[in-house]
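Residue-level structural notes
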Amino acid sequence: MKKILLSVLALAAFTFSVQSQVICRVTSPASILGNQPFTWVDSWGGTPDFNTVGVWVEDTLAIAEDGTPGNSTTTIVHPLSQEGCSTFTNPGAIAGKIAVVYRGTCAFVLKALNAQAAGAVAIIIINRDPDPIAMGGADPTVTIPVVMVGSGPGQTITNTMGAGVVTAFLGNKIGILANDLTIQQPTTLVSKSSGVLSQLAQNGTDFNFDLGTRIYNFGANAATGITVNAKVYNPSNTVVYDETVTGMSIASTDSVDVFPGAANSLPNFSLSSYPMGEYTLEYTVTSDSTDLSLEDNVMTSNFVVNDKVFTYARLDAATNIPISTSGTRSSTYTSSYSACNFMQHPNASLVGAEGVWFSTSTNRVLNPSVLGDEILISVIKWDDPLDGLASAGSFSSVSYISTGSYTYTDNLQDSMVYAQFDIPVLFTDDDKYLVCAQVLTDSTFMGVDAGVDYTFNQDNYLLPIMVSEVDNAFNQIAYGPETIFSLGVQVFDAATISVDKIDKLIVNAYPNPMNDKLNIRLNAEGVINVVVTDLAGKVVSNTNPTLVNGFTQLNTNDFAPGMYVANITSSNGTSTKVSVVKK
């Protein structure tokens, strides 16, 4: 079979986006032929760079065995011997082939080194979760490709291997096939959100979005007579949008955009009304020639019109709960990390927020449980002007208008959970809001959805979607399949609640129990008064800190262990109190 080839294709310069030409494709048997969602290692220092044209491997797959007794209890039941955590006991079956192992408790680097030592030309790791994740680690001595697929495709592959030979192609596919047009999720316009609120989608003015995609020609031949069609199906599976662009040509290793304002464009999508339910957007690209890789000629995405949850992550249409496939965290934070959704709408006053759906997970090796973890939730008003959007621009003018918290009483990692705000929030028209979930431990990951990508939306709208907070600094962050936070904002109709129920001073004090410092967040700004008393009423601290973005920090190093009450008064005279414990 074919092995890794290094820059053997003398192709002209091109402008393809990073990784769009990199695939994981089952090449036989025909029953499971096709491209698979995957991740690959490009940061360990020694693995091949699939972004380089001509770097690929194609060979037979072989299950690794390392002799470990017992079976796993993860999503796919399998022998522990097939996790590749010890020296392979079947090197004769692995040498010259692509090793296949299951994800387990040992490091990805160790699996790769064991496969390499057995003579494998590459390794595929089957995840325990439905979608693949980024693989951390670093070892420049790993020189074979390292790829991960999700549990579903992985199980299909291993089941088929039990009945016969399975081969796969991993790497850069440019020029491999004669005719090969491709459209990719990162370079395709999708709905502005996956969970669309029916209260804010009453007509085509309330809710509409642009359509467009980038078509790549990865084939060795020029492509002519190219047609791009876009359809939208409503919840009854009736086509409510059907538009086509025709007559395009693309040279080999080139691309063309069908994009708003470009020479080739599709009309904006809008309807006079939006019945609640799941809608499907489908792009299809064809040409005069028979495409030899049809799996990437169609791109679909979904959005759900509902009256309960706003989210950018995919939304389960049956439950109105966002989908989470993996997790992410900041590598630099020391005290807090927040995942935030951006919200703004000209008719936002029709709804309010009562809580947040989110998920978390942990590094299972260092911390196998989220039991006892406290997650803070908040709604933040953001007053900085939007005068264009940088992917990593910071901003400072924020104020907390409601908070809440959730403490895990069970190890529900990777599961969506719900937390309610202490005080419900009424939104105002056209104002900018961040709805956030915040973790306080460096072993906890915020849930993300790897099944949707808003990269092209960012380029088109220049509006934030996800925002992160690291150690009290907020930043607009780049988009990608692994940074779509699995946050869902639970809403209510604004007419059902009175203003007097939300006009209160609210506080979050953490960590609680505290050590030598107590962090305080308020839905206020300016100078506040904080009087801390013990349970006998004795004043142990009386300070007047100035809030910055609704935040201040109290030094509690001199406090004796025990319980205290922090009495807080804002500059306008409203007050609240919170009980805290010193370890």
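Residues numbered from 1 in each chain as written. Predicted model: local features only at pLDDT ≥ 70, side-chain atom pairs only at ≥ 80, totals over all residues. Heavy atoms only, no water.

**Notes on the pairing of strand β37 (residues 539–543)**
Sheet topology places strand β36 (residues 529–534) next to β37; four bridges connect them, and they run antiparallel. The partner of Val531 across the bridge, within β37, is Asn542. Counting the residues that bridge the hairpin from β36 to β37 gives four residues, and of these Gly537 lies at a positive phi of roughly 90 degrees. (Pairing = 2+ DSSP bridges. Helix = DSSP H or I, 4+ residues; strand = E, 2+ residues; numbered from the N terminus.)

**A word on the side chain of Asn320**
Summarising the element assignment, Asn320 is placed in the loop between β18 (315–316) and β19 (321–322). Filtering out sequence-adjacent residues up to four positions away, Asn320 remains in contact with Val304, Asn306, Lys308, Val309 and Leu315. (Contact = heavy atoms within 4.5 Å.)

**Overview of the state of the cysteines**
Covalently bonding the sulfur atom of one cysteine to the sulfur atom of another cysteine gives a disulfide. For the coordinates displayed, the defined rule picks out two disulfides. Each sulfur in the disulfide pair Cys85 and Cys106 lies 2.1 Å from the other. Judged by the sign of its S-S torsion, about -80 degrees, the cystine formed by Cys85 and Cys106 is left-handed. Taken together, the positions of Cys85 in the loop between β4 (56–63) and α1 (91–94) and Cys106 in the loop between β5 (98–102) and α2 (108–117) put the pair 21 residues apart, joining distant regions of the chain. Judged by relative accessible area, Cys85 falls into the partly exposed class, the value being 21%. In this model, Cys340 is linked to Cys436 through a disulfide, with the two sulfur atoms separated by 2.1 Å. On the sign convention where negative is left-handed, the bridge of Cys340 and Cys436, at about 110 degrees about the S-S bond, is right-handed. Here the residue Cys340 occupies a position in strand β21 (residues 337–343), and Cys436 occupies one in strand β28 (residues 432–439), the gap between them amounting to 96 residues. Both residues of the pair, Cys340 and Cys436, belong to the buried class. Take the cysteines of the chain that form disulfides and number them in order along the sequence; they join up as 1-2, 3-4. (Disulfide = S-S within 2.5 Å. Buried < 20%, exposed > 50% of the residue type's maximum accessible area, 1.4 Å probe, protein only.)

That is the geometry; function is a separate question.
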